[in-house]
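Architecture and fold: a report
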Amino acid sequence: MNIVFLEDDTFFAHSVIAMLEVAGHQVAHFVSGRACLKALNEHQYDLALLDWEVSDMTGPEVMHSLKIKGNCPPVIFLTGRDAEEDVVAMMDAGADDYIIKPPSAQILIARINALYRRANPNEIELSVKTFGS
């Protein structure tokens, strides 16, 4: 899966990128909201992983701009903001999931994979199992 990742804490970003790459994903990392938005407008991504607070343009502003243009992949917020009203606000604004930092590697990958399956139902391999005769 091709993931765009907005995160201004480079140390944290490298740990998340390593998790995602071990799971077989390609990650384009950006530290600025404007650079992330530009990439999202120029390239196709399967998923956006957005931090809330970055220096020039917030994650919610990036998501809002994409939604206005109709060019928004599924979005997961990965942020330190843990207030209930923040989670509700982003989910109501169109985010597909919301994960509080720091994430468990297994939970992050599971949620990314689940969101991808929901967004791309035609790409899911179905296996048929026969029980009995």
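Quick note: structure is the one above.
Let me begin by describing the structure that accompanies this report. (Residues numbered from 1 in each chain as written. Predicted model: local features only at pLDDT ≥ 70, side-chain atom pairs only at ≥ 80, totals over all residues. Heavy atoms only, no water.)

Comments concerning the side chain of Thr-79
Within the secondary structure layout, Thr-79 lies in strand 4 (residues 75-79). According to the relative accessible area criterion, Thr-79 is buried, its value standing at 1%. Once you skip the residues sitting within four places of it in the chain, Thr-79 turns out to touch Asp-51, Trp-52, Tyr-98, Ile-99, Ile-100 and Lys-101. (Helix = DSSP H or I, 4+ residues; strand = E, 2+ residues; numbered from the N terminus. Buried < 20%, exposed > 50% of the residue type's maximum accessible area, 1.4 Å probe, protein only. Contact = heavy atoms within 4.5 Å.)

Here's the deal with the packing of helix 2 (residues 33-42) against helix 3 (residues 59-69)
Working note: a packed helix pair is described by the angle between its axes plus the distance between those axes. Contact pair helix 2 / helix 3: the axes reach a minimum separation of 10 Å and the direction vectors enclose 25 degrees. The angle between helix 2 and helix 3 places the two elements in the roughly parallel class. Helix-helix and strand crossings are classified by hand; for helix 2 and helix 3 the assignment is right-handed. Note on element contacts: helix 3 touches helix 2 through Val-62, Ser-65, Leu-66 and Lys-69, opposite Gly-33, Leu-37, Leu-40 and Asn-41. (Axes fitted to C-alpha atoms, helices over the stretch in contact; angles between N-to-C directions. Parallel < 35°, antiparallel > 145°, perpendicular 65-115°, else oblique. Left-handed = near helix turned anticlockwise from the far one by under 90°.)

What about the sheet that holds strand 2 (residues 26-30)?
Taken in spatial order, the five strands make up an open sheet running 2-1-3-4-5, and their pairing is parallel. A single partner strand is all that each edge strand has here, and the edge strands are strand 2 and strand 5 (97-100). Each neighbouring strand pair of the sheet contributes to a mean axis angle of 20 degrees, computed without reference to strand direction. Examined bridge by bridge, strand 4 and strand 5 share four bridges and lie parallel to one another. Bridge pairing in strand 5 places Leu-78 opposite Ile-99. Helix 2 contacts strand 1 (2-6), strand 2 and strand 3 (47-50) of the sheet and is inclined by roughly 160 degrees relative to strand 1. Contacts from helix 4 (residues 84-93) reach strand 4 and strand 5, with the element oriented near 150 degrees to strand 5. (Pairing = 2+ DSSP bridges.)

A closer look at the nonpolar core
Soluble globular proteins tend to bury their nonpolar side chains together. With 22 residues, the main nonpolar core has Leu-50, Val-62 and Phe-77 as its most contacted residues. Elements represented by at least two residues in this core include exactly strand 1, strand 2, helix 2, strand 3, helix 3 and strand 4. Per-element tally for this core: the top contributor is helix 2, with four residues. Residue contacts for Leu-50: discarding those within four places in its chain leaves Leu-6, Cys-36, Gly-59, Val-62, Met-63, Val-75, Ile-76, Phe-77 and Leu-78. By size, the runner-up hydrophobic cluster in this structure holds 18 residues, among which are Val-27, Leu-47, Leu-78 and Ile-112. (Core = buried A, V, L, I, M, F, W, Y, C linked by side-chain atoms within 4.5 Å.)

Brief notes about the pattern of salt bridges
A full pass over the atoms with the stated rule returns six salt bridges. Between Glu-7 and Lys-101 there is a salt bridge whose closest N-O contact spans 2.7 Å. Of the two residues, Glu-7 sits in the loop between strand 1 and helix 1 (10-22) while Lys-101 sits in the loop between strand 5 and helix 5 (105-119), which places them 94 residues apart along the sequence. Glu-53 is paired through a salt bridge with Arg-81; the nearest N and O atoms lie 2.7 Å apart. Here Arg-81 lies in the loop between strand 4 and helix 4 and Glu-53 lies in the loop between strand 3 and helix 3, a separation of 28 residues in the sequence. Judged by its relative accessible area of 26%, Arg-81 is partly exposed. (Salt bridge = Lys/Arg side-chain N within 4 Å of Asp/Glu carboxyl O.)

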